[in-house]
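# Secondary and tertiary structure notes
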Amino acid sequence: MAEKITSRSQDYARWYTDVVQQAQLADYAPVRGCMVIRPYGYALWENVKAGLDRRFKETGHENAYFPLLIPLSFIQKEAKHVEGFSPELAVVTHGGGKELEEPLVVRPTSETIIGHMYSQWIQSYRDLPILINQWANVVRWEMRTRLFLRTMEFLWQEGHTAHATNDEAQEETLRMLDVYTDFAVNDAATPVIPGRKSESEKFAGAEASYSIEAMMGDCRALQDGTSHNLGQNFAKAFDIKYLDRSNELQYCWTSSWGVSTRMVGSIIMVHGDDQGLVLPPKLAPIQAVIVPIWKNDEQRSLVMGSAERVKVALADRDVRFKVDDRDEYSPGWKFNEWELRGVPVRIEIGPKDVAKEQAVLARRDQPGRAGKSFVPLAGLADAVTDMLTDIQSTLLSRATGFRDANTLEPTDYESFQEAVAKGFARAWWCGAAECEEKIQQDTKATIRCIPFDQPGGTGLCVVCGNQAQEIAVFARAY
Ligand SMILES: [Zn+2]
């Protein structure tokens, strides 16, 4: 941590990259478009994983693992799927020093190979539903990449389920969108808008796609997760059939859903400030950092004695903490570093605090004097856990307030264009692809989703003025 990070107002993109690199979340790899996730960034991802994985298991899913390499012919079996993914495929043509008889693709997603296996595992209605999730890496040959947000190889989870009826597949699709919403709101402190994707924004091969959409600190949108009802498209392409109760052969109905390391980019951009990262306590790798302050050996042993008491009390409450007792850095330097790295609570203990049996707590979400308080050592662990809870809810309400303040409801095209230049627009849309396209050409904004939360009634399309049944959320997106 040497240079100062660029301010958000000066250059938001530069600010983002500065934070990712200086907080030591990730770095560029030798291959263009790839990313090295450093230990601090990986610890954050592990907490995202843990929060999601727990919810997947609570809703009846099991984890499994499928291979990285997929026969090229598999990808070609579903017409829309191949059309959507072909430009992004990494293809292996040689292995063991020889040209392969059939090229293999590095998975861009696993519907095909999992569909192939399901066709062998499913025989009758008794085998259904199958509810499997996989934690894996995937590769999509992206030309324009950014750390966490868009990288050639990224980490994610992909759920793949098979059901006896369309109703069950649809119920599963929406259940998992709910799971994502719950994680985003309660763990990532990120208010998200759940809704349906328009036809043009659907997943390649899906009947219907749904997403959760969040507003970043620059008022642009980021899709935090998606869930797809695949209908019988993949079941037909991969021959996933079952014998129903009356002994008739039927095609299955399948779903898939995913959240990736983009979520880390989202957390950075939703909560970060000009000092750097601000992490929601539930996901922060380090929730509290203890910084002992001393000038000589006598003071050192005094404050380390207090620090030891604090350690024991925090460990007892399962707080994730770190004691920064490095000799070679000044307290001020350490304060800056832990602020940059987004640690929610800093605990300062100096000789005067030892004498008063107290410590100083500093909240990351309230920089400066306003966020500082003096707390007796006896009640410190309680004070820290209460503060973590309060920071978690403060971050959510702050992000919600920010999003709502930057969301407009324009009713004419001129004010619509102004709205999407600055933030989100909730506006009536007639459903025509022409209107959607015109908006994209004129403003670079896209339909993020058609939110479940609808005003009711009908209105006039913000582009063509025809009758519209639904409002959509429009924004420029990452
Ligand atoms: Zn229209």
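That block above? That's the structure.
Before going into details, it helps to say that this report is about the structure given with it. Nothing here was measured: the structure is a model prediction, and the numbers come from that model. (Residues numbered from 1 in each chain as written. Predicted model: local features only at pLDDT ≥ 70, side-chain atom pairs only at ≥ 80, totals over all residues. Heavy atoms only, no water.)

### A word on the overall build of the chain
- Within the chain, the regular secondary structure consists of 14 helices and 25 strands.
- Radius of gyration (C-alpha) of the chain: 25 Å, near the 23 Å computed for a compact globule of 478 residues.
- Along the three orthogonal principal directions, the C-alpha set of the chain runs to about 80 × 60 × 45 Å.
- Split into buried and exposed, the 478 residues of the chain put 53% on the buried side. (Helix = DSSP H or I, 4+ residues; strand = E, 2+ residues; numbered from the N terminus. Rg over C-alpha atoms; globule rule 2.2 N^0.38 Å. Buried < 20%, exposed > 50% of the residue type's maximum accessible area, 1.4 Å probe, protein only.)

### Quick look at the pairing of strand β11 (residues 221-229)
- Burial within β11 is extensive, with eight of its nine residues counted as buried.
- Of the pairings in the sheet, the one linking strand β10 (residues 208-215) to β11 comprises eight bridges and is antiparallel in character. Bridge pairing in β11 links A214 to L222.
- Linking β10 back to β11 in an antiparallel pair, the connection comprises five residues, with C219 at a positive phi of about 75 degrees.
- Across four bridges, β11 lies against strand β14 (residues 253-260) in antiparallel orientation. For H228, the partnering residue across the bridge sits in β14 and is S256. (Pairing = 2+ DSSP bridges.)

### Looking at the coordination of the zinc ion
- The coordination sphere of the zinc ion contains the protein donors C430 (SG), C435 (SG), C461 (SG) and C464 (SG), at a distance range of 2.3 to 2.4 Å.
- The site at the zinc ion holds four donor atoms, and with the angles between them running 104 to 117 degrees, its shape is tetrahedral.
- Along the chain, the residues that donate to the zinc ion are spaced as C-x4-C-x25-C-x2-C.
- Since its relative accessible area comes to 6%, C435 is described here as buried. (Donors = N, O, S within 2.8 Å, 3.2 Å for Na, K, Ca; no water. Tetrahedral: all angles 85-135°; square planar, octahedral: opposite > 155°, others 65-115°.)

### Let's talk about the environment of T165
- Relative to the elements of secondary structure, T165 occurs in the loop between β8 (153-163) and α6 (166-186).
- Expressed as a C-alpha distance, the spacing of T165 and Q299, which sit 134 residues apart in the sequence, is 70 Å.
- From its side chain, T165 meets the backbone nitrogen of E168 in a polar contact 3.1 Å long. (Polar contact = N/O pair within 3.5 Å; in protein donor to acceptor, adjacent residues only side chain to side chain.)

### Describing the sheet that holds strand β16 (residues 321-323)
- One open sheet accounts for five strands, arranged β16-β15-β17-β18-β19; its pairing is mixed. Of all strands in the sheet, those bounded by a partner on one side alone are β16 and β19 (372-376). Each strand of the sheet is rotated relative to its neighbour by a mean of 25 degrees, with strand direction disregarded.
- Pairing geometry for strand β18 (residues 358-363) and β19, over five bridges, is antiparallel. (Axes fitted to C-alpha atoms, helices over the stretch in contact; angles between N-to-C directions.)

### Section: the packing of helix α1 (residues 12-22) against helix α8 (residues 262-271)
- One can describe the packing of α1 onto α8 by two numbers: an axis separation of 11 Å at closest approach and a directional angle of 115 degrees. Relative to α8, the crossing made by α1 is right-handed. Touching Y12, W15, Y16, V19 and V20 of α1 are G265, I268 and M269, all from α8.
- Grouping the amino acids of the contact of α1 with α8 by side-chain chemistry returns seven nonpolar, one polar and no charged. (Left-handed = near helix turned anticlockwise from the far one by under 90°. Contact = heavy atoms within 4.5 Å. Nonpolar A, V, L, I, M, F, W, Y, C, P; charged D, E, K, R; others polar.)

### Details of the side chain of E78
- Within the fold, E78 resides in the loop between α3 (72-75) and α4 (79-85).
- The buried charged residue E78 lacks any salt bridge partner; its closest oppositely charged side chain belongs to K80, at an N-O distance of 6.4 Å.
- The contact partners of E78, leaving out residues within four places of it in the chain, are G205, N233, F234 and A237. (Lys, Arg positive; Asp, Glu negative; His and termini not counted. Salt bridge = Lys/Arg side-chain N within 4 Å of Asp/Glu carboxyl O.)

### A word on the packing of aromatic side chains
- With the rule as written, the count across this model stands at 15 aromatic pairs.
- Ring geometry for F154 and W156: centres 5.8 Å apart, planes at 90 degrees, overall edge-to-face. For the pair formed by F154 and W156, the shared burial category is buried.
- These aromatic residues form a ring-pair network of at least three members: W45, F56, W135, Y180 and W257.
- The cationic tip of R300 hangs over the ring face of W294; the distance from NZ or CZ to the ring centre is 4.6 Å.
- Over the aromatic face of Y40 sits the side chain of R341, whose NZ or CZ is 4.2 Å from the ring centroid. (Phe/Tyr/Trp six-rings, centres within 6.5 Å; stacked < 30°, edge-to-face > 60°. Lys NZ or Arg CZ within 6 Å of the ring centre and 35° of its normal.)

### Concerning the pattern of salt bridges
- This model, assessed by the stated rule, comprises 32 salt bridges.
- In this structure, E470 engages R196 in a salt bridge whose closest nitrogen and oxygen atoms are separated by 3.1 Å. One end of the pair, E470, is in strand β25 (residues 470-475); the other, R196, is in strand β9 (residues 193-196), and 274 residues separate them in sequence.
- The partner of D382 in a salt bridge is R317, and the shortest N-O contact between them spans 2.5 Å. On the criterion of sequence distance, the pair formed by D382 in helix α12 (residues 380-405) and R317 in the loop between α9 (297-316) and β16 is long-range, its members being 65 residues apart.
- Residue class for D382 comes out partly exposed when judged on its relative accessible area of 40%.
- Through salt bridges with shared partners, one network takes in K197, E201, E213 and R448.

### Some words on helix α2 (residues 39-58)
- For α2, spanning 20 residues, the distance from its first C-alpha to its last is 28 Å, which sits close to the expected 28 Å at 1.5 Å a residue.
- All of the buried residues in α2 are Y40, G41, L44, W45, N47, V48, G51, L52, D53, R55 and F56. (Expected span 1.5 Å × (residues − 1).)

### A closer look at unusual backbone geometry
- Cis rather than trans, the peptide bond between L128 and P129 has omega equal to -5 degrees.
- Inspection of the secondary structure assignment puts P129 in the loop between α5 (111-121) and β7 (130-139).
- Backbone geometry at A189 places phi at a positive 50 degrees, although glycine is not the residue there.
- Mapped onto the secondary structure, A189 falls in the loop between α6 and β9.
- Non-glycine residue E357 carries a positive phi angle of around 55 degrees.
- Its place among the elements puts E357 in the loop between α11 (351-355) and β18.

### What about the sheet that holds strand β4 (residues 69-71)?
- Strand order in the open sheet formed by three strands is β4-β6-β5, with antiparallel pairing between adjacent strands. Edge strands, defined here as strands with exactly one partner in the open sheet, are β4 and β5 (90-95). Geometrically, the sheet is characterised by an average inter-axis angle of 50 degrees between neighbouring strands, direction not taken into account.
- Here β5 runs beside strand β6 (residues 98-106); their pairing, made up of five bridges, is antiparallel. Bridging across to β6, G95 finds its partner in K98.

None of this, on its own, says anything about what the molecule does.
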